[in-house]
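Take a look at the letters that make up each chain.
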Amino acid sequence: MSPVTEASGTDGSLVTVRDLRFLRGDKIIFDNVSMDIPRGKITAIMGPSGTGKTTLLRLIAGQLRPHEGEITVDGQRIHHLERAQLFELRKRMGMLFQSGALFTELSVFDNVAFPLREHTRLSETMIRILVLMKLQAVGLRGAHRLMPAELSGGMARRVALARAIALDPMMIMYDEPFVGQDPIAMGMVLNLIRLLNDALGLTSIVVSHDINETAQIADRIYLIADGRVVEHGSPAVLRDSESPWTRQFVHGLPDGPVPFHYPGPPYREDLLAGS
Amino acid sequence: MRFHRVLVATLVEIFASIGRRGLRFFPLLILRLGRGSLLLFRILAGLPRACLRPGLVVKQIHGLGVLSLPIIAVSGVFVGMVLGLQGYINLVDYGATAQLGALVALALVREMGPVISALLYAGRAGSALTAEIGLMKATEQLASMEMMAVDPFQRVLAPRFLAGLIAMPLLACIFTALGILGGWYIAVWQLGVDSGSFWSQMQASVQFVDDVVDGVLIKSLVFGFVANWIAVFEGYDCLPTSEGISRATTRTVVNTSLTVLALDFVLTALMFGGN
């Protein structure tokens, strides 16, 4: 379908999705989706709102179960794991929720310390050092005494990012990290994703519909629409794509294969129906 | 051995047919009961771990119990005062005002203490519990906890349930004790009943095991179990929207009140109906 620039193989991939099929009620969310998320790279999963990009992250994390197909993370088939094994694997996966999902009754410091306190037996002195290091990485060491309600949206997301890397995971999944950010915060988040990925040797999955921001940092992009992978490749490949759908999405054209109008009866008929 | 197997098979078939019929006629009720039972099971499974972290439970006892004290205390005093006044008005015609202590104490210990404190608890603490858990669900805090490989049943639901279970009998005892003092104040200080006969009649007619343990303690334990189960379930099961949370909160108060009143009749019939 489209030229794939990088060599894709199971050995180079941290996450593989094979023939995934997922339904919500009768609605098909994913139909025959296959993907390879390469190790050490930033992979973006893009598509219009409501195409189930977040659902895909939850499937990868094992919070939802596919109806058909298989997902492996680091060689482990995620839906065949026992609960304890799944939890063990999740300690090595970080996820940044759209809202940040900070614990509102805990301070910034305690939020970042939460996974350390739950999963390790480190002393409080050690935890303090680690937490301050993680907060330093996102530039919020000075804010460690604040409560989540006192943070701006961008700050909350950076704290959540510090919490997600607290246990030094092998991968991070970002759910719409750019939504509702002012330009400065957006630039910070973009930089952080790239920086953390390279400095910590992470594998990153970014779910987003902001094509311009995502294209700046992603090594590979998967475009999803109507439950299928429409196209994948490097940002440059997608920008030059001939497919009408990809063109509409990448260049943000209001009308095209994805219609501007929600399906309905003809306009004239509808207007005259009342009289 | 064969007979045994046939018996088990028949019993299973009977239960399955009850289930099928129930599902046909009251699908929503049965589904909710099923989800509620599963939730209770998972909470009970998480209780041992919750006991290992007394700090979490103590914090919740403060939120659910200590912060409910003002409303419980004020209501207890007033209910006791009304009982004293009404009892006096009715007993004075027969010259039996010496029995006032027994009347006030028995009414409070057997019925009003556990029932009214459970109803107040549902309004004050149960609704807050539902709203808190519902909001944690809506803001993805529970999901992010799961992603950090922390079981929300062990970390969030079980400590709250246990704390409520501990707080309820204590609140009922305080309510009852303050109610008796309220009745005593009205009877002795306002209406001129002899203080000695007030207390001695009470001592003569109230049995520790039959009245205090059965009435206040066992009833309030049962009510506390039900009230906290409903509150936690409604919070966890709510639709994660503002309307969903508001409905869940209302349902907590309504369902707890109805269940407590119905259960009170059953318990009263079992405990005091025999003699």
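Being a predicted model, the structure only gives us computed values, none of them experimental. (Residues numbered from 1 in each chain as written. Chains lettered and ligands numbered in written order. Predicted model: local features only at pLDDT ≥ 70, side-chain atom pairs only at ≥ 80, totals over all residues. Heavy atoms only, no water.)

(A) Molecular detail of the nonpolar core. B:I43 and B:L157 are the most contacted members of the largest nonpolar core, which has 57 residues in total. Setting aside its immediate chain neighbours within four residues, B:L157 contacts B:L39, B:I43, B:I133, B:P152, B:V232 and B:Y236. (Core = buried A, V, L, I, M, F, W, Y, C linked by side-chain atoms within 4.5 Å. Buried < 20%, exposed > 50% of the residue type's maximum accessible area, 1.4 Å probe, protein only. Contact = heavy atoms within 4.5 Å.)

(B) Examining the interface of chain A and chain B more closely. In this assembly, 23 residues from chain A lie in contact with 16 residues from chain B. Together chain A and chain B conceal approximately 1,800 Å² of surface at their shared face, both sides included; 56% is due to carbon and sulfur atoms. If you look at where chain A meets chain B, you find 3 salt bridges. Along the contact surface separating chain A from chain B lie 10 residue pairs in polar contact (both at pLDDT 80 or more). For the side of chain A that touches chain B, the secondary-structure elements that each account for two or more residues are α2 (83-90), β6 (93-96) and α3 (108-119) of chain A. Of the residues in the side of chain A that touches chain B, the class split is 11 nonpolar, 5 polar and 7 charged. (Buried area = accessible area lost by both parts, 1.4 Å probe. Salt bridge = Lys/Arg side-chain N within 4 Å of Asp/Glu carboxyl O. Polar contact = N/O pair within 3.5 Å; in protein donor to acceptor, adjacent residues only side chain to side chain. Helix = DSSP H or I, 4+ residues; strand = E, 2+ residues; numbered from the N terminus. Nonpolar A, V, L, I, M, F, W, Y, C, P; charged D, E, K, R; others polar.)

(C) The sheet that holds strand β9 (residues 220-225) of chain A, seen in detail. Residue and element names in this part refer to chain A. The 6 strands lie next to each other as β6-β7-β8-β3-β9-β10, forming an open sheet whose pairing is mixed. Single-partner strands in this sheet number two, and they are β6 and β10 (228-233). Here the average twist between neighbouring strands, direction ignored, is 15 degrees. Relative to strand β8 (residues 203-208), strand β3 (residues 42-46) is paired through 5 bridges, and the arrangement is parallel. By the bridge assignment, M46 is partnered in β8 with S208. (Pairing = 2+ DSSP bridges. Axes fitted to C-alpha atoms, helices over the stretch in contact; angles between N-to-C directions.)

(D) Expanded view of helix α2 (residues 27-52) of chain B. Residue and element names in this part refer to chain B. Taking 1.5 Å per residue, 26 residues should reach 38 Å; α2 reaches 39 Å between its end C-alpha atoms and fits that length. Along α2, the sharpest change in direction is near 40 degrees and occurs at G46; proline P48 comes one to four residues later. Among the residues making up α2, those that are buried are G36, L39, L40, I43, G46, L47 and A50. (Expected span 1.5 Å × (residues − 1). Bend = angle between axes of the 7 residues up to and from the residue.)

(E) Representation of the side chain of A:T214 in the model. Residues and elements named next belong to chain A. Position of T214 among the secondary structure elements: in helix α7 (residues 211-217). There is a polar contact of 2.6 Å between the side chain of T214 and the backbone oxygen of D210. With near-sequence residues (within four places) excluded, T214 lies in contact with A44, M46, F178 and S208.

Any functional reading would require information that these geometric values do not contain.
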